[in-house]
Amino acid sequence: MSIRSSLLSFSAQRYIGFVINFATVIFIARLLTPEEIGVFSLGVGIVAIAHKFRDMGITSFIIQHRAFDKTVFQSAYGVMLTICWSIALILFLSASLFADLYDDKRLETVIHILAGNFLVLPFGAITLSILQREMQFFKVGLMNVSSQVVGSAVSIILALNGYSYASLAWGSLAGMLATVVAALLVRPGTVFMWPSYKKVREVINFGGPVTAVNLAGEASYQAPEYFLGFFQTFASIGFYSRARGQIEMFSVYVLQTISAVLFPYIAEKVRNGQEVRSTFMFVISCMTGLSWPFYIALAVMAFPIMRILFGPTWDEAIPLVQIMAAAAFVQILSPIHNSYLMATGNVKTFAKVELFLHTLNIVIIYLAAQHSLTAVALSRIPFTLVLVMIYLHIQIKLLDASWGEYIKAVFPSVKLAIFSTLPTVLLMTFYHGPDANIVVQFVVGSAFLALFWLVGVFVIKHPLHLELLKVWTSVRQKMAR
């Protein structure tokens, strides 16, 4: 399957998942309080560290392995099975310690339920990795959507019946079980098998540095929850989580969709000795062209968007959304450093830089959390600037490219961002205040953005216009059949 076909197939499945998750978030935000969501978010943050450890870089190992065979596969399966079941036991036994640390017994319940995920996770995770390696993204998407449908349904039903913060934890476990069932349907031979430990050393040698990076990365990502729980309130965790969710709505369902396809694609080109510089520059241009208009519009329309979706209870998250959108705008300057460095085999370089950056981020957030929730959000901007400059320097050097080539790749996106968002910015500038209708702001602002973005892509002749033409041609040909 070509990268374009893979991307379209995977994107379709991801967008279905986006609609499901987005609807679930809206329902849950009106059923649970910021404090209840904060309790669950902190529990997820604690368990998330264990999730990164259990992976041991196995997903990346399977995708990039040059001579993948049954013995390697069974060894990867054996490592994951052993680690996951050990983690489940440790989490279950240590849940009360975390509850005492944060002085809230609700946290113990959340961790106990989430520990169950590790008992069933190995039976679906390996199958997903194999399917990604083979670029069978339709099946990957089918498994993901199945998990999201079941998880969302269980969460909403339980929240309606008074299960509070625990409803989200039970929904997570139900979604994991659905993934295993879906794996049995799409590729039964890779779900249940006898584990092997013959090539454990090979798996661990690759997974060691990757795991260190993943653990540091997850600790860095969850640091706001950890430190806000100590220095502020559980409600502040809920507000931060909600604001970050709005930013990640785009990054997870658009940018990570592209990255998930690019990783195996770039790895395949490297294995075949092909150059990747032109692909890299094209991807940079397309991803900035997609992202920058969205983040600008999100920052400008944060009030109507948050008020319409979640109601006045979540107003405290609005300035956080605007600040995080600014940080995301900067970070998209280096959108695929993970995929590029891993796919090209620069694991040690990636590990060293990530460990430095994550340590820096944890220290910054620790200091900011002692001041306020807003200070934590603001800390994202200087950190992101440092991250982008370091990774761009490394990638441009490895590609044997120049800064001039990079600037040439992103410049069309600068023009597109200005052209597409100016009408929305003007609308929100001159039509605001207590008399302004937030629905009108949202609908008209969104319509302006979509229309002027589409027109701008062709007027400016952004590289995206060629992709849109190819998609349109493909659709027309299929409709003509």
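Use the structure listed above.
Residues numbered from 1 in each chain as written. Predicted model: local features only at pLDDT ≥ 70, side-chain atom pairs only at ≥ 80, totals over all residues. Heavy atoms only, no water.

Undergrad: How do you make sense of the overall build of the chain when you look at a structure like this?
TA: In terms of regular secondary structure, the chain is built from 21 helices and zero strands. Counting only residues that meet the buried cut, the chain has 55% of its 481 residues in that class. As displayed, the chain offers around 21,100 Å² of accessible surface, 68% of which is attributable to carbon and sulfur atoms. (Helix = DSSP H or I, 4+ residues; strand = E, 2+ residues; numbered from the N terminus. Buried < 20%, exposed > 50% of the residue type's maximum accessible area, 1.4 Å probe, protein only. Areas by Shrake-Rupley, 256 points an atom, 1.4 Å probe, with all protein chains shown as cover.)

Undergrad: Can you walk me through the packing of aromatic side chains in this structure?
TA: For any two aromatic rings, the description comes down to two numbers: the centre-to-centre distance and the angle of the planes. Inspection of every chain in the model, using the stated rule, returns nine aromatic pairs. Taken together, a centroid distance of 5.3 Å and an interplanar angle of 75° make the contact between F227 and Y366 edge-to-face. In this pair, F227 sits in helix α10 (residues 200-231) while Y366 sits in helix α16 (residues 347-369), placing the two residues 139 residues apart along the sequence. Of the residues examined, F227 reaches a relative accessible area of 16% and is grouped as buried. Take Y366: its relative accessible area is 37%, and that puts it in the partly exposed class. Taking the centre distance of 6.2 Å and the plane angle of 85° together, the rings of F448 and F452 count as edge-to-face. Here F448 pairs with F452, and both are found in helix α20 (residues 438-459), just four residues apart, close to one helical turn. (Phe/Tyr/Trp six-rings, centres within 6.5 Å; stacked < 30°, edge-to-face > 60°.)

Undergrad: Quick question: what am I supposed to make of the packing of helix α13 (residues 302-310) against α20 here?
TA: How two helices pack is summed up by the angle between their axes together with the distance between the axes. Two elements in contact, α13 and α20, have axes whose closest approach is 9 Å; the angle formed by their N-to-C orientations is 115°. Between α13 and α20 the crossing geometry is left-handed. Along the contact surface, α13 presents F303, P304, I305, R307 and I308, while α20 presents I438, V439, Q441 and F442. The residue makeup of the contact of α13 with α20, split by class, is seven nonpolar, one polar and one charged. (Axes fitted to C-alpha atoms, helices over the stretch in contact; angles between N-to-C directions. Left-handed = near helix turned anticlockwise from the far one by under 90°. Contact = heavy atoms within 4.5 Å. Nonpolar A, V, L, I, M, F, W, Y, C, P; charged D, E, K, R; others polar.)

Undergrad: How should I be thinking about helix α19 (residues 403-430) in this particular structure?
TA: One turn of the α-helix equals 3.6 residues, which is why residues spaced by three or four share an orientation. Under the 1.5 Å per step criterion, the end-to-end length of α19 is 39 Å for 28 residues, consistent within 8% with the ideal 40 Å. Along its length, α19 reaches its greatest deviation from straightness, about 40°, at T421, and the proline P423 lies no more than four positions downstream. (Expected span 1.5 Å × (residues − 1). Bend = angle between axes of the 7 residues up to and from the residue.)

Undergrad: When you look at the nonpolar core in this model, what are you seeing that I'm missing?
TA: A general trend in soluble globular proteins is that nonpolar side chains are found buried together. L42, L91, F118 and I247 are the most contacted members of the largest nonpolar core, which totals 85 residues. Residue contributions to this core peak at 13 residues, all from helix α4 (residues 70-101). Ignoring any residue separated from it by four or fewer positions in sequence, one finds F118 in contact with V47, A50, H51, R54, C84, W85, I87, A88 and L91. In terms of nonpolar packing, the next biggest core, distinct from the first, is built from 25 residues, V330, L341, V353 and I394 among them. (Core = buried A, V, L, I, M, F, W, Y, C linked by side-chain atoms within 4.5 Å.)

Undergrad: Please clarify how the packing of helix α12 (residues 277-300) against helix α14 (residues 318-331) should be interpreted in this entry.
TA: Close contact between α12 and α14 brings their axes to 8 Å; oriented N to C, the two are set at 165°. Comparing their axes, α14 and α12 come out roughly antiparallel. In terms of crossing hand, the pair formed by α12 and α14 is left-handed. The residues of α14 that touch α12, namely those facing W292, Y295, I296, L298 and A299, are V321, Q322, A325, A328 and F329. (Parallel < 35°, antiparallel > 145°, perpendicular 65-115°, else oblique.)

Undergrad: When you look at the environment of L355 in this model, what are you seeing that I'm missing?
TA: Of note, L355 is situated in helix α16. With 140 residues separating them in the primary sequence, L355 and L215 have C-alpha atoms 9.2 Å apart.

Undergrad: How should the environment of D104 be read in this particular structure?
TA: Among the secondary structure elements, D104 is positioned in the loop between α4 and α5 (106-115). Between the C-alpha atom of D104 and that of V39, which follows or precedes it by 65 residues, the distance is 8.7 Å. The residues contacting D104, other than those within four sequence positions of it, are A99 and F234.

Undergrad: What am I meant to see in a nonpolar patch on the surface here?
TA: Residues L101, F230, F231, V363, Y366 and L367 make up a contiguous nonpolar surface patch of roughly 560 Å² in combined accessible area. Elements with a contribution of two residues or more to the nonpolar patch: α10 and α16. At three residues, α16 tops the list of elements feeding residues into the nonpolar patch. Residue position: L367 is located in helix α16. (Patch = residues over 30% accessible without salt bridge, like charges linked within 9 Å, V, L, I, M, F, W, Y side chains within 5 Å. Salt bridge = Lys/Arg side-chain N within 4 Å of Asp/Glu carboxyl O.)

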